[in-house]
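# Per-entry structural report
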Amino acid sequence: MASEGKNFEGGVPHIFVILGASGDLAKKKIYPTLWWLFRDSLLPNNTVFYGYARSKLSIAEVKEKCHQYMKVKPGEESRYEEFWTVNKYFAGNYDKRQDFEMLNQELTKSEGNARTANRLFYLALPPSVFQPVTVHIRNTCMGEKGWTRIIIEKPFGKDSDSSQELSDHLAKLFKEEQLYRIDHYLGKEMVQNLMSLRFGNRIFSPTWNRECVACVQITFKEPFGTQGRGGYFDEFGIIRDVMQNHLLQILCLTAMEKPASLHPDDIRNEKVKVLRCIRELTPDDVVLGQYVGNPDGKDDDARNGYLDDKTVPEGSTTPTFALAVLYINNERWDGVPFILRCGKALNERKAEVRVQYRDVPGDIFNGQAKRNEMVIRVQPGEAVYIKLMTKTPGMNFEMEETELDLSYNSRYKSVKMPDAYERLILDVFCGSQMHFVRSDELSEAWRIFTPLLHQIETEKVPPIPYMYGGRGPTEADEMVKKHGFKYYGSYKWVQSQKPHL
């Protein structure tokens, strides 16, 4: 679905402008992604890339900054050099109209005498310069021969008011169909696969509701801390960084009703309906934690706690772990808890959706039957597996947990999995907004979290300390148990490594 509707006019110039081209996001993600798309001939033939930033750099210097992230393989060297020949760089300020007028002259030169030419602007910029840059684009750099599209990186504000201010500002300058608010999690293979699994398989539909599902847990875990970059993280915290965007988007795809079609607005309409059925969160709905150093940690990062990071303000109460329980007040999901769990410095790297079914009624196995679960593993190692009970092989009649396992690294071993940014940037070229966030989605998401965020920040609610490398605060496990999720601790999924026959 990522490149659905791909229809590039032959020879039409496309200009891709990276605003903030000297920054980390550009060198680590945007330039590498554009190179991979160029390498695989997925972009229009006549595409030129422009970097724009305050730093005075040559293309050779940009190339040097990016090279370690480009993943150039043997045999690709000539294609790689070809990529850099269609790159240009323009130094200018973000608050000076004259600089953008000069940029526009450069873009117009690249378009030549073409009757049609399209422009894309990627705003890899800090929020502080966002408003003047978008005004200058609108006033001086809009394409006159074709379409103009604007890609916007998060954060999309810090709360309801700042997000609405940003949305209102953009609405005065651009049409909604010109805006692409990028949440890279919507470009991940298994997140995109959620709709196919749900609506393309008859066996799941009859059980995907409150009659059969006990609870849904959506998890994001990282095994590392802030690694000396806590000052930036402290501005936002784990709720803004992961939960309010990535996890809530996955919740919507898991819970929404079948859309009328695969048209982007039909899909986004259903996601908004889900959000409107969720009430605002309160401190009683969450467990907040902050990691402390592990004396037995294998390195300095593990031995240091969040507050030991010198870039973090002294005494900060910003959470590095959060668990929230949400309920969707509609006919399908009434009474089913959706548990969002995310954190840094935990025991493993993992992102998954875990749909846990209710207990088997009329148990004849003396309590041996444990709950079935459907697990969609987003990372690492994309997979779908269903946990179920079977008879233990042999002479006895005991039961054990096992799985039906679709592991992508065995079933699709020869398939190259594109990076999330590859899918999403290609979507922008194609004009598909299916995997991008609409303004009303954003507004509803902030409505759910803003009262909670304001309360924990104004009252400086102290987070619960948890050890680096652990599961997080024990209070989180207690909250999960209280809301009906059963954790047995008796089963470990071992991802299949065997090739498919």
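Note that the structure is predicted; figures quoted are calculated from it, not measured.

Conventions adopted
- Residues numbered from 1 in each chain as written.
- Predicted model: local features only at pLDDT ≥ 70, side-chain atom pairs only at ≥ 80, totals over all residues.
- Heavy atoms only, no water.
- Pairing = 2+ DSSP bridges.
- Helix = DSSP H or I, 4+ residues; strand = E, 2+ residues; numbered from the N terminus.
- UniProt positions renumbered as here; feature names shortened; annotations may be inferred.
- Axes fitted to C-alpha atoms, helices over the stretch in contact; angles between N-to-C directions.
- Contact = heavy atoms within 4.5 Å.
- Polar contact = N/O pair within 3.5 Å; in protein donor to acceptor, adjacent residues only side chain to side chain.
- Buried < 20%, exposed > 50% of the residue type's maximum accessible area, 1.4 Å probe, protein only.

With 5 bridges connecting them, strand β12 (residues 373-379) and strand β13 (residues 383-391) associate as antiparallel partners. If you follow Arg-377 over to β13, its bridge partner there is Ala-383. If you look at the hairpin formed by β12 and β13, you'll find 3 residues sitting between the two strands, and Gly-381 has a positive phi there, around 75 degrees. Two strands pair when backbone bridges link them, and β13 and strand β14 (residues 399-407) are joined in this way by 9 bridges, in the antiparallel orientation. Among the inter-strand pairings, Lys-387 is bridged to a residue of β14, identified as Glu-403.

Right, let's get into the UniProt feature "domain: Glucose-6-phosphate dehydrogenase NAD-binding" (unreviewed entry) in the protein chain. Summarizing the sequence annotation, UniProt attributes the feature "domain: Glucose-6-phosphate dehydrogenase NAD-binding" (unreviewed entry) to residues 17-193 in the numbering used throughout. Counted over residues 17-193, helix gives 45% and strand 18%. Its end C-alpha atoms are 30 Å apart.

The sheet built from 6 strands is open, its strands ordered β3-β2-β1-β4-β5-β6 with parallel pairing. Every interior strand has two partners, whereas the edge strands, β3 (87-91) and β6 (179-182), have only one. On average, each strand axis in the sheet is inclined to that of its neighbour by 20 degrees, with strand direction left out of account. Taken together, the 6 bridges between strand β1 (residues 14-19) and strand β4 (residues 118-123) define a ladder with parallel strand orientation. If you follow Phe-16 over to β4, its bridge partner there is Leu-120. Helix-sheet contacts for helix α13 (residues 420-430) involve β1, β2 (47-53), β4, β5 (148-153) and β6, and the interaxial angle to β5 is about 155 degrees.

Looking at the element boundaries, His-14 is found in strand β1. There is a polar contact of 3.0 Å between the side chain of His-14 and the backbone oxygen of Val-12.

Across the 6 residues that make up β1, a large majority, 6, are buried. Side chains His-14, Phe-16 and Ile-18 of β1 all project onto a buried face; the interleaved residues Ile-15, Val-17 and Leu-19 project onto the opposite face, where all are buried too. Where β1 meets β2, 6 bridges bridge the pair, whose relative direction is parallel. Opposite Val-17, over in β2, you have Tyr-50 as the bridge partner.

The next subject is the environment of Thr-318. Relative to the helices and strands, Thr-318 is located in the loop between α11 (300-303) and β9 (321-327). Since its relative accessible area comes to 14%, Thr-318 is described here as buried. Between the C-alpha atoms of Thr-318 and Gln-290, which are 28 residues apart in sequence, the distance is 7.3 Å. Excluding its chain neighbours within four sequence positions, the residues that come into contact with Thr-318 are Phe-233, Asp-234, Gly-237, Gln-290 and Tyr-306.

This part is about the sheet that holds β13. One open sheet accounts for 9 strands, arranged β14-β13-β12-β11-β7-β10-β9-β8-β15; its pairing is mixed. With one partner strand each, in any of the chains shown, β14 and β15 (464-467) form the two edges of the open sheet. Pairs of neighbouring strands in the sheet enclose a mean axial angle of 20 degrees, with direction left out of account. Relative to β12, strand β11 (residues 350-357) runs antiparallel, the two sharing 6 bridges. Looking at the pairing, Glu-352 lines up with Arg-377 of β12. The strands touched by helix α7 (residues 189-199) are β12 and β13; relative to β12, the strand with the most contacts, the crossing angle is about 145 degrees. Its contacts with the sheet place helix α9 (residues 237-255) against β7 (213-221), β8 (286-292), β9, β10 (337-343) and β11, and it is angled at close to 145 degrees to β10.

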